[in-house]
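# An overview of the molecular structure
Residues per chain are reported as follows:
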Amino acid sequence: MQRLIPTLRHDQVDEALISVINSLQICAKEISFRVGQGELAGVLGSTLSENIQGETQKKLDILSNQLIKEILLECQHVRAVASEEEEGIVLGNEQGKYLVAFDPLDGSSNIDINSMVGTIFSVLPVPENNSGDVDMFLQPGKNQVAAGYILYGPSIMLAFTTGQGLRLFTLDQTVGEFLLTKKDLKIEPETSEFAINMSNFRHWQEGMQLYVDDLLAGTSGPRAKNFNMRWVAAMVADVHRILCRGGLFAYPWDARSANKPYKLRLMYEGNPMAWLIEQAGGAAHSGEERILDIQPTDIHQRVGIILGAKHEVETCLRYLEGSQSGDKTV
Ligand SMILES: O=P(O)(O)OC[C@H]1O[C@](O)(COP(=O)(O)O)[C@@H](O)[C@@H]1O
Ligand SMILES: [Mg+2]
Ligand SMILES: [Mg+2]
C-alpha cells in the first residue's frame, strides 16, 4: 500500500505543499495519540475559557489547536494560519507560499462521550500583492490547493484532495504512516439517507421544513421512498459516512439567533468539506450559492451547508427555491 507522501510526489504536487501536508500528518499522529489516551492523558472535559465565537472550549480543543499551530509554524512554507480557536491569524515565515485554515477539533461535544471527532484543514496559496494580514485568507474555496480531514474513530483516517480526486488513507499505527486505502472515491448521485439535527426543525425556513417532511413521509409521500436518518454531531464523521455510503448532510439557515443564523464556519468547515465532496462527484451548496464560489469577508464567517449526493442536494435546493418563490408544489 502506498504511503501518503509518495502518492503526492507521484501526482507531482509542489514540494513546498508536500512539506505543509507532511506537517499536518505529524499533527494528526500527535492528536490521535492523545484522543486515544482519553482520560489517561487528562484531555477530557471543558476549560473555563470561551473561543472568539463564544463557545466553551474543551481541553482537547485548546491542546489540538496549540499542537497544530506550533507544528505548522515550524514549517518554512507556512506564511500564516487561521484557526477556529484563534481570534486573528497567526503569522509564520514571511517567505512562506501557503496559508492554512483549520478546525483543530471538530465535533467537540463528542469528546467526553468517547465518540468520533476530527480535524479539518484547508490550504490556500498566498495571493500576489498581499497586505500580509488577514486579507490574505479572504479567498473563495475554489482557490484551495489542498484540503482534508482526519477522523479519529476506531481507526484513524485521512480524507484528502489536491484536486486530483479524493483519496482515503488509514493510519497504520504499527509504523506510524498513513497508507492509501481508497482512491478516486465517488458518491452515488441518489441516496435514501440524510443527516440533519432534527431538533432545529421549528427554526428552519419553510422550504427546508417541507423538504424534510417529504423525506419523513417515505413511500406514502411525494418522494415515494423511505429515507433513513443519521446524525453523529461531528461534521467530520457525518461527511465521512457520506463519502463511504452516500447521503445528504445539512446544517441550514435557522432562526434561533438573529446574529447567528448559521452554525458551521466557511473557511475551515464549509470550504474543505465542499471541495472533498465535489471531488467525489457530489455537490455542496449554501442554500444560496455553490459553497466554493463564496467570497469570504471574515475568517470566522458562518455559512449554510447542504452537501452530499448530487441529485439529492439539487432536490433539496428546489424545495428552498420553491418556497421562496411561493411555489409549494416542488
Ligand atoms: O450540536 P449540533 O447542533 O448537533 O451540531 C453539531 C455540529 O457542530 C459541530 O460540532 C461544530 O464543530 P466544532 O465542534 O468544531 O465547533 C459540527 O462538527 C457538527 O456537525
Ligand atoms: Mg467544527
Ligand atoms: Mg472545532
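Since the structure is predicted, the reported quantities are computational estimates derived from the model, not experimental observations. (Residues numbered from 1 in each chain as written. Chains lettered and ligands numbered in written order. Predicted model: local features only at pLDDT ≥ 70, side-chain atom pairs only at ≥ 80, totals over all residues.)

### What about the overall build of the protein?
Within the protein one finds 7 helices and 15 strands. Computed over the C-alpha atoms, the radius of gyration of the protein is 19 Å, within 12% of the 20 Å expected from 2.2 N^0.38 for a compact globule of 330 residues. For the protein, the C-alpha atoms occupy an extent of roughly 55 × 45 × 45 Å along the three principal directions. (Helix = DSSP H or I, 4+ residues; strand = E, 2+ residues; numbered from the N terminus. Rg over C-alpha atoms; globule rule 2.2 N^0.38 Å.)

### Overview of the site of ligand 1
In the vicinity of ligand 1, the contacting residues are Glu 84, Asp 103, Asp 106, Gly 107, Ser 108, Ser 109, Asn 197, Ala 233, Ala 234, Met 235, Tyr 251 and Lys 263. Partitioning the shell around ligand 1 into residue classes produces 4 nonpolar, 4 polar and 4 charged. When residues of the shell around ligand 1 are assigned to domains, at least three map to each of domain 1 (4–182) and domain 2 (193–324). (Near = placed C-beta within 6 Å. Nonpolar A, V, L, I, M, F, W, Y, C, P; charged D, E, K, R; others polar. Domains from an automatic or database assignment.)

### What to know about the packing of helix α4 (residues 206–216) against helix α7 (residues 310–324)
The contact between α4 and α7 brings their axes to 7 Å, and the two run at 135 degrees. In terms of orientation, α4 lies oblique with respect to α7. For the element pair α4 and α7, the recorded crossing hand is right-handed. Residues Glu 206, Gly 207, Met 208, Leu 210 and Tyr 211 of α4 lie in contact with α7, whose contacting residues are Cys 316, Tyr 319, Leu 320, Gly 322, Ser 323 and Gln 324. Its residues assigned to classes, the contact of α4 with α7 comprises 6 nonpolar, 4 polar and 1 charged. (Axes fitted to C-alpha atoms, helices over the stretch in contact; angles between N-to-C directions. Parallel < 35°, antiparallel > 145°, perpendicular 65-115°, else oblique. Left-handed = near helix turned anticlockwise from the far one by under 90°. Contact = placed C-beta atoms within 7 Å.)

### Examining the packing of helix α2 (residues 15–37) against helix α3 (residues 59–73)
For the pair α2 and α3, interaxial distance at closest approach is 9 Å and the crossing angle is 155 degrees. Taken together, the axis directions place α2 and α3 in an arrangement best described as roughly antiparallel. Every pair of crossing elements has a handedness; the one defined by α2 and α3 is right-handed. Packed against α2, whose contacting residues are Ser 23, Ile 26, Cys 27, Glu 30, Ile 31 and Arg 34, the element α3 presents Leu 63, Ser 64, Leu 67, Ile 68, Ile 71 and Leu 72 at the interface. A class-by-class count of the residues in the contact of α2 with α3 yields 8 nonpolar, 2 polar and 2 charged.

### Structural notes on the UniProt feature "domain: Fructose-1-6-bisphosphatase class 1 C-terminal" (unreviewed entry) in the protein
In the UniProt entry, the feature "domain: Fructose-1-6-bisphosphatase class 1 C-terminal" (unreviewed entry) is given for residues 187–320. Secondary structure content for residues 187–320 is 35% helix and 12% strand, while the C-alpha to C-alpha distance between its ends is 23 Å. (UniProt positions renumbered as here; feature names shortened; annotations may be inferred.)

### As for the environment of Arg 290
On the secondary structure map, Arg 290 appears in the loop between β14 (283–285) and β15 (305–308). Among the residues examined, Arg 290 registers 15 C-beta atoms within 10 Å and is labelled partly exposed. With 224 residues separating them in the primary sequence, Arg 290 and Gln 66 have C-alpha atoms 32 Å apart. (Buried ≥ 20, exposed ≤ 12 C-beta atoms within 10 Å, placed from the backbone.)

### Brief notes about the UniProt feature "binding site: Mg(2+) 1" (unreviewed entry) in the protein
This chain's UniProt record puts "binding site: Mg(2+) 1" (unreviewed entry) on Glu 84, Asp 103 and Leu 105. Of the residues just listed, which span 22 residues, no C-alpha pair is farther apart than 8.9 Å, and they cluster in one region. Among the structural elements, Glu 84 can be located in the loop between β3 (78–83) and β4 (90–91). For Glu 84, a count of 26 C-beta atoms within 10 Å translates into the label buried. Among residues more than four places away in sequence, those in contact with Glu 84 are Asn 51, Asp 103, Pro 104, Arg 265 and Tyr 268. Residue Asp 103 is classed as buried on the basis of its 29 C-beta neighbours within 10 Å. The residues touching Asp 103, leaving out its near neighbours within four places in the chain, are Glu 84, Thr 119, Ile 120, Tyr 268 and Glu 269.

### Remarks on the sheet that holds strand β10 (residues 177–182)
Here we have 8 strands laid out as an open sheet, ordered β4-β3-β5-β6-β7-β8-β9-β10, and mixed in their pairing. A single partner strand is all that each edge strand has here, and the edge strands are β4 and β10. The sheet strands contacting α2 are β3, β5 (98–106), β6 (117–125), β7 (146–152), β8 (156–161), β9 (167–172) and β10, and the helix crosses β6 at an angle near 165 degrees. Here helix α6 (residues 266–279) sits on the sheet and contacts β3, β5, β6, β7 and β8; the angle it forms with β6, its principal contact strand, is near 85 degrees. (Pairing = 2+ DSSP bridges.)

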